[in-house]
Each structure stands twice: as C-alpha cells, then as structure tokens.
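# Observations on chain architecture
One-letter residues, chain by chain:
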Number of protein chains: 2
Amino acid sequence: MTPLVGAVDIGASKTLVTVAALPIADWPLHRQVVRFATPRDAAECVGRVCRAVTGLAGDATGRLVAVGCGMPGPLDRERGVVIHSPNQGWRDVPIGPWLAERLGIPVVIDDDARTGAIGEAVLGAGAGSDPVAYLTIGSGIGSGVVLGGRLLHGAHDLAGEVGHLVADRQGPRCSCGNRGCVEAYASGRGLERRARLTWGDATTAGGRRTPRSAADVFRAALLGDPDARRLADEAAQALALALASLAATVDPEVIVVGGSVGLAQRRLVRRAATLARGRCMWESAEHLRVMSAGLGAESVVAGAAVLAGYLIAPGSP
Amino acid sequence: MTPLVGAVDIGASKTLVTVAALPIADWPLHRQVVRFATPRDAAECVGRVCRAVTGLAGDATGRLVAVGCGMPGPLDRERGVVIHSPNQGWRDVPIGPWLAERLGIPVVIDDDARTGAIGEAVLGAGAGSDPVAYLTIGSGIGSGVVLGGRLLHGAHDLAGEVGHLVADRQGPRCSCGNRGCVEAYASGRGLERRARLTWGDATTAGGRRTPRSAADVFRAALLGDPDARRLADEAAQALALALASLAATVDPEVIVVGGSVGLAQRRLVRRAATLARGRCMWESAEHLRVMSAGLGAESVVAGAAVLAGYLIAPGSP
C-alpha cells in the first residue's frame, strides 16, 4: 500500500483535511479536501480529523504513516500542545499526542503562518525560490521564512512575527495590547475595529451601508470615501513595514502573500509592495518580488502535508 | 606543520591580519595581530597582506592552507571581486584571485558586517547562541545573521541590510540616496552630517566647541544640549527599528552590537534596545537580548578566520 501522510489545517472557523502520497512532489496529489466547521470542543475536533484522514486514506487504498497539522498559536511544538487558541477557547490542549494516540503514527504540529510558508515554499508560488518569505493577512497577520526548504523557527519560536512590528507608537490599539502594530492597521480584525471606531455601529449612514469588515473598508475606499481611503492607505503603509523588514533582514527571493485579506485585496498588496520598495535599500527594492499565494486557501493544509513528509524522510518533503 | 588559516580585515582606514590554527576553537589562538593603514592602492594592499600572513605563519611554524578576508561591500563573493569600495576608490578589484595566486591557497571574501557576524557568533558574544544577529554601527550600519553556525546571505547577497530600512520617509538624506534610513540617523557618517547641518562648520559657538563627530554629539547630549539630545534620541529610535526588525523576522537568541559607534556608545545601544522592546510583540520583547561585541574591534578579523576554516573543513570552523 502507498505510504500516505495526513494533512490538517485547523482554522479559527474551518478545518481542512486531506492526504498525500509520499514523496510529495505536487499539489494536489489527492484531489479530495474534507472541510468542516472547526468544533469548539477540542476532543470532538480531533475525532472528526481522525475519521476524515482514515476515510481519505481508505479511499486512496494507502497506509497512513504520519500526520501534519497547522493551527493558530501559541503552540508548544515539542509537546504538540496548543497553549492558547482564543478563537476556539482552547487552553493547553495536547492535540498532537491525542492524534498520535488515536492514529498510532507520529504527528507534527506547527503555527499556521509557518505551515502556510512551507506549503507555499515547497508546493506553491515559492517553489524553486530560496529563501521564501510568506506573509498571511487574514483575521490576524503572521509570517514564516523558509531557508533551503526548512522553516526558520528562531530561538524562541517567534521568527516571523512581523504582524506585531510597531508601525506607529501612537497608532491604533492592537489585540496584543500594544499600539500601532502592523496587524492593528492591516488585518481583518484590525480593520473591523478601525471601521467600528470610524463609522460606529450603525449599518447605514445617509442611506448607504457603512463599512464593517475589511472588505467593506476597501470597497468604500475605491468608491472614494475619504475615511476609508485613509484607513486603506494606512494599512498599505503598515504592510510596507512588514515587507521591508522581511526584505532587509532575510533577502527572500520572493515574498508570497496569502490569507483571506491578502488574497482578496490585490490592490492593497500591490500598493504595499510599492511603498516597501521606498523603505529599503535600492538594491533590495530592485529585487523585491511579491506574489500571491499559489495554493490560495490551501497553503496551510499543503504545508501540513510537507511537514508530515519531513517527519518520515527528513531529507525531502 | 600545523595547518593555519590567514585572517584579514581590510577596513576603510585600517587593515588587520592574523593567523589561527585549525580547528579554530577560541580567540585569539595566535596572539599577534598585524595592523597597518589600508593602502589606497589595491595591489600594494594585497602585497602587504601577503607579507603579513606569510610572516605570521612562519613565526608560528605552520603551513597556510586558506585565507579569509572581510571588507566593505558591495562584493562579488563568487569571483572574489570588490565591485566598489568608495573609501579606497577601488572598483572591480579581484582581491580574492590576487591573494589566491600570490599565496597558492584558496581564499574566501565576504562583506565586513557578515564577517563580523560569523566572528561574534562562533568566537565572540554569540558563541553558544542560535540564531545570532550582529549589528555593526560604525561609519555605516550593517548587520549579519548566523543560523546554525552559517551565514545567511539571502537570495541576492542582501540579507542584513537593516541599515537602509527607512525609519522616516521625511527624514535626513542618507548616503544611499534615500531619506530617513537608520544609517542616516545613527551611523558615524550620518551623525557627522547631521551635526554639520545643525551647528554648521564653526568649531566654536559661545566659546564652546560644537559637535562635529558622532562622539561629540553624544557628549553634547549628555551635557544637556537640546539639539544634541534630539539627534541622540532620533538615533536611538532609528536603531530600535533595526533591532525590532531583526527580532521580529529572525528571532535571534542574541543581537550582538559592534562597530566603533556601537562599542563606544553603550548608552545609545541600551536606549535603542529599550525602545525596540516597545516596537515588537511582547514575547519577542521579553526575549530580546542585546550584547556588546565580545571581540571588540576584532570581530571581523576573527570572522575571516572562521570563514577560512569553513573552506577547509565545511563541517566546523
């Protein structure tokens, strides 16, 4: 039977599960991706993930040899524990050991931004480039750096936290408690908060629907609303700091941008890339390449397959 | 005869040469460091370097097996060529091939900031830490990142160019042509320029000597001069951006600060570290460790020895 890896993306709202044959050379290897709303109960989530991977492996007449799992941090990767996942309300959940016990195979977990980074670097828009940086702009902002096909974790598992670089110390409050983080200006959650502070809770003003989501803000900016244009411009300026920091420190061959906001707001990303070129050395600016995630909404689940593959054959995915 | 490597630091004003026995475990292995004013003529410089290394190797009754050389960029590392060194007026000087031909052994050259980084990471304040970032604040500002004992070069040999991150797009002009770079605010050359623009060319004003060098500015700031205090504060703010960018992207175990200004202005570096903690995620801030270069003014020549050692035994320095 073909050796297979299971790949899991446990998102704030949705969980994606698939399997892939080893060695993983292309995406998708197995066409079916199972999707379900992430249960708030961690044990129930693990149960559904197990049923999905074993079902998919059975369909593919393969033998599961490892599982990779990307999810929001902070995590204790060594022990496979979710330290805290505010969206699910999970605290100290040993998701890795639970999966390993139920499935009888090794499990690797990693932060979703980093998992997306390895997915894009090996199977997506970054394939063939080195180093690859990945910036995900969704409800929050995260990033990951891949060097020679390996994730950079840093000394304290904090490499790639450019979402919390401070663009302006007098800026808007961020969910992290600080002020003026890139995430406060340019993430989905940050923009929702800024929209509420700008237009209040009213759904209509002068007969027109006022912005409530990041998408609403960018739509209103396109229609010429001056407040929305200011918010959109500040979002691009903040993202430029994140891109310029990645370019100046790591000198990636490409920066891949994903996440729900990053994928939908191409104009924002283009503007941020242009501004970033003005914020770093001219040679770095000349080489700065920003691309959209090649795997769309599947960067993380693809990266989970790559991480599982590394567990089995450390040399290659 | 003991296998020895030659180590060379060709600085803007001074050249340092020494030798070290392999494997390089400690610094200094060979106590003598030959110093001379860097000749403006490249061929003369190569001649003096060759005489110095062969002389030192003879004294140590060893056999030279490789030479490492750190110098200001931009360089073509592959071909061993100095593309342009404004201070010496060198252009397209094949320093690597010249040394290799004269000495009959392999030569490696690298940018001085990166060479200093590997020196500090292997033999200096960063020994035992991983990753190690190194920030050199001298006439310019450069940095280098060492991961698992190896230098990060990036896709275009531009990793670590945090000196040209733009802290304020309306800021002072930088030698690179851009405005508001970290280097324009906090480097020796940047501060000299700011001093000249602030106090003019006069050497005295009201009977007191006006600041002309970076050291003068920091001295005047300590004495309470309001303009000098503003320049010193803006220098610390700009350096904080460089430190925060390194912390957020690479998550180094330690950031080692060297260079003539970095070594002399401990108060500036402490202030910049404090400000950097306010500009990144709180976990990153908690872990941010900034130390002074352990090898003082010899980080680069020590790193050159390490790079030469890697040429001979790629596994270890």
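Everything below is about the structure shown above.
A brief structural summary.

Rules of the game
Residues numbered from 1 in each chain as written. Chains lettered and ligands numbered in written order. Predicted model: local features only at pLDDT ≥ 70, side-chain atom pairs only at ≥ 80, totals over all residues. Pairing = 2+ DSSP bridges. Helix = DSSP H or I, 4+ residues; strand = E, 2+ residues; numbered from the N terminus. Axes fitted to C-alpha atoms, helices over the stretch in contact; angles between N-to-C directions. Contact = placed C-beta atoms within 7 Å. Least-squares fit on C-alpha atoms with pLDDT ≥ 70 in both. Parallel < 35°, antiparallel > 145°, perpendicular 65-115°, else oblique. Left-handed = near helix turned anticlockwise from the far one by under 90°. Nonpolar A, V, L, I, M, F, W, Y, C, P; charged D, E, K, R; others polar.

Residue and element names in this part refer to chain B. Read from one edge of the open sheet, five strands run E3-E2-E1-E4-E8, paired in mixed fashion. Of all strands in the sheet, those with a lone pairing partner are strand E3 (34–37) and strand E8 (107–111), marking the two edges. Pairs of neighbouring strands in the sheet enclose a mean axial angle of 20°, with direction left out of account. The sheet contact formed by strand E2 (residues 14–21) and E3 spans four bridges and is antiparallel. Its bridge partner lying in E3, Val17 is registered against Val34. Sheet strands touched by helix H1 (residues 42–59): strand E1 (2–10), E2, E3 and strand E4 (62–71). Its angle to E2, the strand with the most contacts, is close to 30°.

A few words on the sheet that holds strand E3 (residues 34–37) of chain A. Residues and elements named next belong to chain A. Here five strands make up an open sheet; going across it, the order is E3-E2-E1-E4-E8 and the pairing mixed. Only two strands of the sheet have a single partner each, and these edge strands are E3 and strand E8 (107–111). For this sheet, the mean angle separating the axes of adjacent strands, direction not counted, is 20°. The pairing of strand E1 (residues 2–10) with strand E4 (residues 62–71) spans eight bridges and is parallel. Paired with Val5 across the two strands is Ala66, which belongs to E4. Where helix H11 (residues 299–312) meets the sheet, its contacts fall on E1, strand E2 (14–21), E4 and E8, and the angle it forms with E1 comes to roughly 135°.

Of the two same-sequence chains, chain A is brought onto chain B (RMSD 0.0 Å, axial shift 0.0 Å) by a rotation of 180°. Between the two chains, the operation in question is that of a two-fold axis. Closest approach to the rotation axis within chain A is made by the C-alpha atom of Ser245 of chain A, at a distance of 2.8 Å. When the interface residues of chain A are mapped onto chain B, 100% of them are again interface residues, pointing to one common binding face.

A separate point is the interface of chain A and chain B. Taken together, the contacts link 36 residues of chain A with 36 residues of chain B. Contributing elements (two or more residues each) for the side of chain A that touches chain B: helix H7 (226–250) and helix H10 (282–287) of chain A. For the side of chain A that touches chain B, the element with the highest residue contribution is H7 of chain A, accounting for six residues.

Turning our attention to the packing of helix H5 (residues 188–199) of chain B against helix H7 (residues 226–250) of chain B. All names here are of chain B. Remark: H5 packs on H7, axes separated minimally by 11 Å, with the N-to-C direction vectors making an angle of 150°. Between H5 and H7, the angle is such that the two are roughly antiparallel. The two elements H5 and H7 meet at a crossing, and its hand is right-handed. Here Leu191, Arg194 and Thr198 of H5 lie close against H7, whose contacting residues are Asp227, Leu231 and Ala235. The class makeup of the residues in the contact of H5 with H7 is three nonpolar, one polar and two charged.

It is worth spelling out the environment of Thr15 of chain A at this point. Residues and elements named next belong to chain A. Here Thr15 shows up in strand E2. Separated by 55 residues in the primary sequence, Thr15 and Gly70 place their C-alpha atoms 9.9 Å from one another. Not counting chain neighbours up to four residues away, the residues in contact with Thr15 comprise Val8, Asp9, Ile10, Phe36, Thr38, Cys45 and Val49.

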